[in-house]
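# What the coordinates show
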Amino acid sequence: MRKHFDDQIAQLGEQMMAMGALVENTIERAIRALQTDDMAEAAAIRDGDHIVDEKEREVEAMCIHMLLQQQPVARDLRTISAALKMITDMERIGDQASDICEIATMGHLRSPRPEHFASMAQAAISMVHRAIDAYVHKDIELAKQVELSDDIVDALFNDVKADL
């Protein structure tokens, strides 16, 4: 029985990595579309937001199934709870990338683009990637580093606002 549960936890980690990769890709595509004024790509990103939403529902269903079937406690419960929190945040990040593309396609984000967009996007991508790594490898030190990186993204966001 424990082997089956351990396999489910491993599969959860794989699904978290897959969702993280989707979100990272969405951010990368969004920033590239903005940098190149590719409004067709921006519209495709906006219209493809449901893919991240579907992945969130899939991982959420997996977590709920594990909670109901296995009734985990202690470390296992924290692992599943963390996944549930993380997928909500990743879905929101995907929504924000999509929203930026929607604003761009409506013509509300004209050239020249704020110079700090690309740096902020790369910092966000790095945070998502490292957060998933910290989760999968249960690396507390890496998680702390990700938390500190939030100040960098916040500062870049302020720079973007000033650019605009």
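The shown structure was predicted, so the numbers you read here are calculated from the model rather than taken from an experiment.

Take the nonpolar core next. Core analysis: the biggest nonpolar cluster contains 39 residues, and Leu-12, Met-16, Met-66, Ile-80 and Met-90 have the highest contact counts within it. Only α1 (2-35), α2 (39-47), α3 (49-70), α4 (74-105), α5 (117-137) and α6 (140-163) provide two or more residues apiece to this core. Among the elements that take part in this core, α1 stands out by supplying eleven residues, more than any other. In contact with Leu-12, other than residues within four places in its own chain, are Val-59, Met-62, Cys-63, Met-66, Ile-80, Ala-83 and Tyr-135.

Another point: unusual backbone geometry. The phi torsion at Gln-71 lies on the positive side, around 45 degrees, for a residue other than glycine. Checked against the element boundaries, Gln-71 lands in the loop between α3 and α4.

This part takes up α6. Counted at 1.5 Å a residue, the expected span for α6 with its 24 residues is 34 Å, and the 35 Å between its end C-alpha atoms agrees. Every buried residue belonging to α6 is among Leu-142, Val-146, Ser-149, Val-153, Leu-156 and Val-160, and all of these are buried. Residues of α6 that are buried make contact with α5.

Here the protein chain averages 91 in pLDDT, while 95% of its residues score no lower than 70. The lowest-confidence element of the protein chain is α6, averaging 91 in pLDDT; the highest-confidence one is α3, averaging 95.

Note that Glu-91 resides in helix α4. Buried charge without a partner: Glu-91 forms no salt bridge, and the closest opposite charge is Arg-57, 7.2 Å away. Not counting the four nearest positions on each side in its chain, Glu-91 is found in contact with Met-19, Val-52, Asp-53 and Glu-56.

Turning our eyes to something else, we now look at the packing of α1 against α3. One way to put it is that α1 packs onto α3 with a least axis distance of 10 Å and a crossing angle of 165 degrees. By the angle between their axes, α1 is roughly antiparallel relative to α3. Remark: the crossing between α1 and α3 carries left-handed chirality. By residue class, the composition of the contact of α1 with α3 is 14 nonpolar, eight polar and three charged.

As a further point, take a negative patch on the surface. On the surface, Glu-147, Asp-150, Asp-151 and Asp-154 cluster together into a negatively charged patch. Positionally, Asp-151 belongs in helix α6.

Our next topic: the pattern of salt bridges. Within the structure shown, the criterion is met by six salt bridges. One salt bridge in this structure joins Asp-7 and Lys-3, with 3.1 Å as the shortest N-O distance. With Asp-7 and Lys-3 both in helix α1, this residue pair falls four residues apart, about one helical turn. Since its relative accessible area comes to 40%, Asp-7 is described here as partly exposed. On the accessibility criterion, Lys-3 (59% relative accessible area) is exposed. With a shortest N-O distance of 3.7 Å, Lys-144 and Glu-141 are connected by a salt bridge.

Definitions and cut-offs
Residues numbered from 1 in each chain as written. Predicted model: local features only at pLDDT ≥ 70, side-chain atom pairs only at ≥ 80, totals over all residues. Heavy atoms only, no water. Core = buried A, V, L, I, M, F, W, Y, C linked by side-chain atoms within 4.5 Å. Buried < 20%, exposed > 50% of the residue type's maximum accessible area, 1.4 Å probe, protein only. Helix = DSSP H or I, 4+ residues; strand = E, 2+ residues; numbered from the N terminus. Contact = heavy atoms within 4.5 Å. Expected span 1.5 Å × (residues − 1). pLDDT = per-residue confidence, 0-100. Lys, Arg positive; Asp, Glu negative; His and termini not counted. Salt bridge = Lys/Arg side-chain N within 4 Å of Asp/Glu carboxyl O. Axes fitted to C-alpha atoms, helices over the stretch in contact; angles between N-to-C directions. Parallel < 35°, antiparallel > 145°, perpendicular 65-115°, else oblique. Left-handed = near helix turned anticlockwise from the far one by under 90°. Nonpolar A, V, L, I, M, F, W, Y, C, P; charged D, E, K, R; others polar. Patch = residues over 30% accessible without salt bridge, like charges linked within 9 Å, V, L, I, M, F, W, Y side chains within 5 Å. Areas by Shrake-Rupley, 256 points an atom, 1.4 Å probe, with all protein chains shown as cover. Charge placed at Lys NZ, Arg CZ, Asp CG, Glu CD.

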